[in-house]
Number of protein chains: 2
Amino acid sequence: MTNPPGSDPLAGAGRPTLRMLAERTGLHMSTVSRALRREPASDPTAELVHRAAAELGYRPDPLAASLRSGKTGAIGMVAHSLTDIAQAMIYEEVDHYVVERGYDVLVASTRDDPGAQRKRVELLLSRRVDGLLIGDAHRDGDYVDWVASLGVPYVLVMRGAEGHPSVTCDDELAGRMVADHLVECGHTRVALLAGPDWSAASHGRAVGFRTRLAELGAPLDDDLVESGGLHAATGRAAMERLLARRRDFTGAFCASDFVAFGATSALAAAGLRLGDDVALVGFNDLQAATSLDLTSVRSPQEEMGRVAAEMLMGAIEGVPAVSRTLAPQLIVRGSTGGPAASALAADVAGAGA
Amino acid sequence: MTNPPGSDPLAGAGRPTLRMLAERTGLHMSTVSRALRREPASDPTAELVHRAAAELGYRPDPLAASLRSGKTGAIGMVAHSLTDIAQAMIYEEVDHYVVERGYDVLVASTRDDPGAQRKRVELLLSRRVDGLLIGDAHRDGDYVDWVASLGVPYVLVMRGAEGHPSVTCDDELAGRMVADHLVECGHTRVALLAGPDWSAASHGRAVGFRTRLAELGAPLDDDLVESGGLHAATGRAAMERLLARRRDFTGAFCASDFVAFGATSALAAAGLRLGDDVALVGFNDLQAATSLDLTSVRSPQEEMGRVAAEMLMGAIEGVPAVSRTLAPQLIVRGSTGGPAASALAADVAGAGA
DNA sequence: GTGAAAGCGCTAACAT
DNA sequence: ATGTTAGCGCTTTCAC
């Protein structure tokens, strides 16, 4: 297995090692190792070594380095699912940020399954990641508390949890903004198609929405609340249940754009027109929201990813992580009577080939 | 760095090692190492060792094992972007398949940038992945040929390339199916909003579409072809350019659903109604397609992911990889005059909290 | 600055 | 089946 002659795509010598570099330069391995980490042009030795490395096509072996040093130069990111564009956007930004700094990201997807969450974190840990980005936190702190107890630097992203460092959107504010907007548009009886309550993000949106509605004198009727998932199918089902029960609401806040898409088809099937009969607000401002002319809240995913990565790398170097909350932005479109066919949203996600 | 007393969350003894297990059981390290890989109940020694391991909370160190054995138990997946739901779905399936078999996935995103492609593959290689899944192949073979030359098992997924093992959707067939459908619906002058030609997937769709139209006696007019990206913004821009030039087409095939979403807003802005004035077909059958009532081609992403992972793991064990092509499926909806508000598509992607 | 020696945790020849 | 002996490629003490 160890360089059987001829099995290596490079020359017969096999993948170049530090020792080979040492022989070639007449220096000692340790000297070479150190010189390699100085700037190429900082001194004659460094330059000599760097040139030799380039000639041999030397690539350091992070495995061996990690084994000895205890640092892997990799962080782990645990996502609930990368098919959630929000998580994918966060990942992309983290990947970009971190790779530029010589780090690497190992991802894991848990589908929000508690068993998988622990298993994947353990896997990441056994690969010795230097820190963890947790994108699948649940509000009941069990999982996150356990992560904290591991003694590894960590930062929550997108979904926060009490007492843990996190980078999130101000979901409660977002909920309030939506309430303000709907009431301003004249809707006094509105519905809520909420996401799972164990997600601090969904929870926060619902709380802000409800609180602000009460403050505005248009309190949310519990009979007009449906809760469930974040998918189009659950959104459709929720809206269907709602419509079977009541038809006297004139607006609704959906936990995500996908839910809004589902709700839209339920409305259409019931002969109700989006915007005219029922005003809808989504969440995430996906590209498709533009086509449906859907009012939506844009939460700053890229920024969350960048800030979380930055914070985690700081934590790895000993800077204590302090939670941050980023501002959401309401994008008004036709589904709440805003200007129809408004300018296209920032082109963040693409797909298909 | 190596277990400074008190810095470890576990007992003062530090993370348990094979040596500690050996001392505790009175066996030799190598014996323990081997016993650990036998079934727990296969013989008395194995049982003894497994129990001791459980008591100590022993977790093998893959780093050390890899360094010695040359196998990491990890595969690398290179994606062009995980914000492409198609790639995310493939990743999710790969992750699931591979983790179940004791492997791990390291992802990398290249945004289709040639520099990043090589850099990330090299990074994955320096982490010593046992094989590569390439999701960002370009039709000009440079990159892929280079990957092949590395001597590491690899499989292309979603986008194929001549002479390389791949798992793809039959994109050409998909293009033909769309042509058949549009012509059957009575459209004889149709447009094409194509994706990038360097993607074998986009290219195949375009070729199939064009070829079949010609066979049906309704050849594609070059003046009705716009090509570009796969995003909503590019789709909108493309449709706007097209409309500025011609208004005599009655149907269009879009490279992806996102493009179709963009095209839809362009149509709306021009006062044209989807389905009535212009029939549209998308690609990927995203959830949002349902809400827009968009006819779309469903390509079997999950299956692609699973088959590709399976093929790669086979290749790692020496089974030669043989390319496979999976069948697409046309989902007819209102945008081509199909039944409006049809049943909701399979609930594959969710999002937002 | 550099060289020497030790060792990270594990697996893979060898013997026995 | 078990013990012995090496050693993966690198970093990190320690001396000088």
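All values reported here derive from a predicted model rather than from experimental measurement.

Between the two copies of the chain lies a relationship made up of a rotation around an axis and a movement along it. Of the transformation placing chain A onto chain B, the axial shift is 0.0 Å and the rotation is 180°, giving an RMSD of 0.1 Å. Both copies of the chain, as the preceding transformation shows, are related through a two-fold rotation axis. With an isologous cut-off of 70% or more, the 99% of interface residues of chain A that recur at the interface of chain B puts this contact in the isologous class.

Residue and element names in this part refer to chain B. Two elements in contact, helix H2 (residues 29–37) and helix H3 (residues 44–56), have axes separated by 8 Å at closest approach and are oriented at 95°. Here H3 runs roughly perpendicular to H2, going by the angle between their axes. Touching Thr31, Val32, Ala35 and Leu36 of H2 are Thr45, Ala46, Val49, His50 and Ala53, all from H3. Looking at side-chain class alone, the contact of H2 with H3 contains six nonpolar, three polar and no charged residues.

All names here are of chain B. The terminal C-alpha atoms of helix H13 (residues 301–316) lie 22 Å apart, and with 16 residues this matches the ideal 22 Å at 1.5 Å per residue to within 8%. Along H13, twelve of the 16 residues are buried, which leaves the element largely enclosed by surrounding structure. Listing the buried residues of H13 in full gives Gln301, Met304, Gly305, Val307, Ala308, Ala309, Met311, Leu312, Met313, Gly314, Ala315 and Ile316. Turning to H13, the residues buried within the fold contact strand E1 (74–79), helix H5 (85–100), strand E3 (131–134), strand E4 (154–157), strand E5 (166–169) and strand E11 (324–326). In the segment just after H13, glycine 318 is the residue with positive phi, at about 100°.

Let us now look at the packing of aromatic side chains. Residue and element names in this part refer to chain A. Across all of its chains, the model carries four aromatic pairs over all chains by this definition. Plain terms: the ring middles of phenylalanine 258 and phenylalanine 261 are 5.9 Å apart, the flat faces sit at 85° to each other, and that makes the pair edge-to-face. Placement of the pair is phenylalanine 258 and phenylalanine 261 together in helix H11 (residues 257–269), with a separation of three residues, close to one helical turn. A cation sits over an aromatic face here: arginine 101 above tyrosine 97, 3.6 Å from the ring centre. A cation over a ring is seen here: arginine 205 above phenylalanine 283, with NZ or CZ 3.6 Å from the ring centre.

Before going further, it helps to spend a moment on the state of the cysteines. Here a disulfide denotes one covalent bond, and it connects the sulfur atoms of two cysteines. Residue and element names in this part refer to chain B. In total, this model carries zero disulfides over all chains according to the counting rule given. The structure places no disulfide on cysteine 254, whose sulfur is separated from the nearest cysteine sulfur, that of cysteine 185, by 15 Å. Residue classification places cysteine 254 among the buried residues on the basis of a relative accessible area of 0%.

Around DNA strand C sit 22 residues in total, of which Thr31 and Thr45 of chain A together with Leu18, Ser33 and Tyr58 of chain B are the nearest. Protein-adjacent atoms of DNA strand C, using a 4 Å cutoff, are sugar or phosphate at a proportion of 57%. A distance of 3.3 Å separates a base nitrogen of DNA strand C from a polar side-chain atom of arginine 68 of chain A. Residue assignment for the surface near DNA strand C shows that the elements contributing at least two residues are helix H2 (29–37) and helix H4 (62–69) of chain A together with H2 and helix H4 (62–69) of chain B.

Residue and element names in this part refer to chain A. You can see serine 335 is positioned in the segment after strand E12 (329–331). Note on serine 335: relative accessible area 1%, which makes it buried. One polar contact links the side chain of serine 335 to the main-chain carbonyl oxygen of leucine 280, over a distance of 2.6 Å. If we ignore the near neighbours within four places in the chain, the residues touching serine 335 are Leu274, Gly275, Val278, Ala279, Leu280, Asp293, Leu294 and Thr295.

A word on H5 of chain B. All names here are of chain B. Under the 1.5 Å per step criterion, the end-to-end length of H5 is 22 Å for 16 residues, consistent within 8% with the ideal 22 Å. When you tally the buried positions in H5, you get 14 out of 16 residues, the bulk of the element. Where H5 begins, the side chain of aspartate 84 points an oxygen toward the backbone nitrogen of alanine 86, at a separation of 2.9 Å.

This part takes up the domain arrangement of chain A. Residue and element names in this part refer to chain A. Per the domain assignment, the segments making up chain A are domain 1 (18–60), domain 2 (72–167 + 302–326) and domain 3 (171–300 + 329–350). The distance between the C-alpha centroids of domain 2 and domain 3 comes to 29 Å. Between domain 2 and domain 3, the contact holds 14 residues from the first and 13 residues from the second. In this assembly, domain 2 packs against domain 3 so that about 1200 Å² is buried in total across both faces, 63% of it on carbon and sulfur atoms. When the buried surface of domain 2 facing domain 3 is broken down by residue, Ile85, Arg139 and Arg159 rank first, second and third, together holding 44% of it.

Reading the values: the criteria
- Residues numbered from 1 in each chain as written.
- Chains lettered and ligands numbered in written order.
- Predicted model: local features only at pLDDT ≥ 70, side-chain atom pairs only at ≥ 80, totals over all residues.
- Heavy atoms only, no water.
- Least-squares fit on C-alpha atoms with pLDDT ≥ 70 in both.
- Contact = heavy atoms within 4.5 Å.
- Axes fitted to C-alpha atoms, helices over the stretch in contact; angles between N-to-C directions.
- Helix = DSSP H or I, 4+ residues; strand = E, 2+ residues; numbered from the N terminus.
- Parallel < 35°, antiparallel > 145°, perpendicular 65-115°, else oblique.
- Nonpolar A, V, L, I, M, F, W, Y, C, P; charged D, E, K, R; others polar.
- Expected span 1.5 Å × (residues − 1).
- Buried < 20%, exposed > 50% of the residue type's maximum accessible area, 1.4 Å probe, protein only.
- Phe/Tyr/Trp six-rings, centres within 6.5 Å; stacked < 30°, edge-to-face > 60°.
- Lys NZ or Arg CZ within 6 Å of the ring centre and 35° of its normal.
- Disulfide = S-S within 2.5 Å.
- Near = heavy atom within 4 Å.
- Polar contact = N/O pair within 3.5 Å; in protein donor to acceptor, adjacent residues only side chain to side chain.
- Domains from an automatic or database assignment.
- Buried area = accessible area lost by both parts, 1.4 Å probe.

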